[in-house]
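# Residue-level structure breakdown
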Amino acid sequence: MIGVIVPSQLYSYTGGTAHVHAAGDNLRALFDDLHRQYPGISFRVIDEQGRIREHQRVFVNGERALDLTVPLKAGDEVHIFGALTGGCASC
């Protein structure tokens, strides 16, 4: 199994749990398993084109993943972060 650290904005999908487990040989399969266990969670991270959403960040063992083809193995740890955005461009 692969440990997944979920950001607080996704706790509503995991019943308030910050650390869950899922299976998959790459990130795409992992998010499919997360969706099976926690319906709707993957849509908050993956867009309709099958890419990591612009305002989400996914890290595998501390390395940023730029797409869903990143291979995984048992014992890996995946962190999902909601990127902070906003601010004043003219300030």
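Going along each chain's sequence as written, the residues are numbered from 1 onward. Per-residue local features of the predicted model are confined to residues with pLDDT of at least 70, and side-chain atom pairs are confined, for both listing and counting, to 80 or more; whole-chain, interface and lining totals are unaffected and use all residues. The basis for every side-chain value is the complete set of heavy atoms in the structure, and neither hydrogens nor water enter the calculation.

Classification of residues uses two cut-offs on accessible area relative to the type maximum, computed with a 1.4 Å probe and protein chains only: under 20% is buried, over 50% is exposed, and between them is partly exposed. The numbering of helices and of strands both runs from the N terminus, where a helix is a DSSP run of H or I of at least 4 residues and a strand a run of E of at least 2. Three or more residues of helix α2 (residues 27-37) are buried, namely Leu27, Leu30, Phe31, Asp33 and Leu34. Buried positions in α2, seen along its axis, are confined to an arc of 155° and lie on one side of it. In α2, the exposed residues that point more than 90 degrees away from the buried face are Asp32 and Arg36. Here the buried face of α2 lies against β1 (2-5), β2 (19-22), α3 (41-45), β3 (56-60), β4 (63-65) and β5 (77-82). The distance from a side-chain oxygen at the start of α2 to the backbone nitrogen of Arg28 is 3.1 Å, and the residue carrying that oxygen is Asn26. Arc, as used here, means the arc of the directions from the helix axis to the C-beta atoms. Should any heavy atoms of two residues lie within 4.5 Å, those residues are counted as being in contact. Think of a polar contact as two N or O atoms within 3.5 Å of one another; within protein, one of them needs to be a possible hydrogen donor and the other a possible acceptor, and neighboring residues in sequence only count if both atoms come from side chains.

For two strands to be treated as a pair, DSSP must find no fewer than two bridges joining them. The five strands are arranged β2-β1-β5-β3-β4 in an open sheet whose pairing can be described as mixed. The open sheet terminates on both sides in strands that have one partner only, identified here as β2 and β4. Along the sheet, successive strands turn relative to each other by an average axial angle of 30°, direction set aside. As defined by bridge partners, β3 adjoins β4 across three bridges and the pair is classed as antiparallel. Within β4, the position partnered with Phe59 by the bridge is Arg64. Angles shown run from 0 to 180 degrees and are taken between the N-to-C directions of axes, each axis being a line fitted to C-alpha atoms and, for helices, limited to the stretch in contact. Along the sheet, α2 makes contact with β1, β2, β3, β4 and β5, crossing β2 at roughly 115°.

Moving on, we come to the nonpolar core. One recurring pattern in soluble globular proteins is that nonpolar side chains are buried together. In terms of nonpolar packing, the biggest core is built from 22 residues, with Val4, Leu27, Leu30, Phe31, Leu34, Val58 and Val78 touching the most fellow members. Secondary structure elements with two or more residues in this core: β1, β2, α2, α3, β3 and β5. Tallying contributions element by element places α2 first for this core, with four residues. Setting aside residues up to four positions removed in sequence, Leu34 forms contacts with Val4, Val20, Ala22 and Ile41. For this analysis, a nonpolar core means a set of buried residues of the types Ala, Val, Leu, Ile, Met, Phe, Trp, Tyr and Cys, connected via side-chain atoms within 4.5 Å.

Within the chain, Asn61 stands out as a residue other than glycine whose phi angle is a positive 50°. Locating Asn61 in the fold gives a position in the loop between β3 and β4.

On to the environment of Gly24. Mapped onto the elements of the fold, Gly24 is located in the loop between β2 and α2. For Gly24, a relative accessible area of 23% corresponds to the partly exposed category. For the pair Gly24 and Ala74, spaced 50 residues apart in sequence, the C-alpha separation works out to 8.7 Å.

We call Phe, Tyr and Trp rings a pair once their centres come within 6.5 Å, taking the six-membered ring for Trp, and we label the pair stacked below 30 degrees between planes, edge-to-face above 60, and tilted otherwise. Evaluated as defined, the whole model comprises one aromatic pair. On the basis of an interplanar angle of 85° and a centroid distance of 5.6 Å, the ring pair of Phe59 and Phe81 is categorised as edge-to-face. A residue pair is termed long-range when its members are at least 10 positions apart, and Phe59 in strand β3 and Phe81 in strand β5 qualify at 22 residues.

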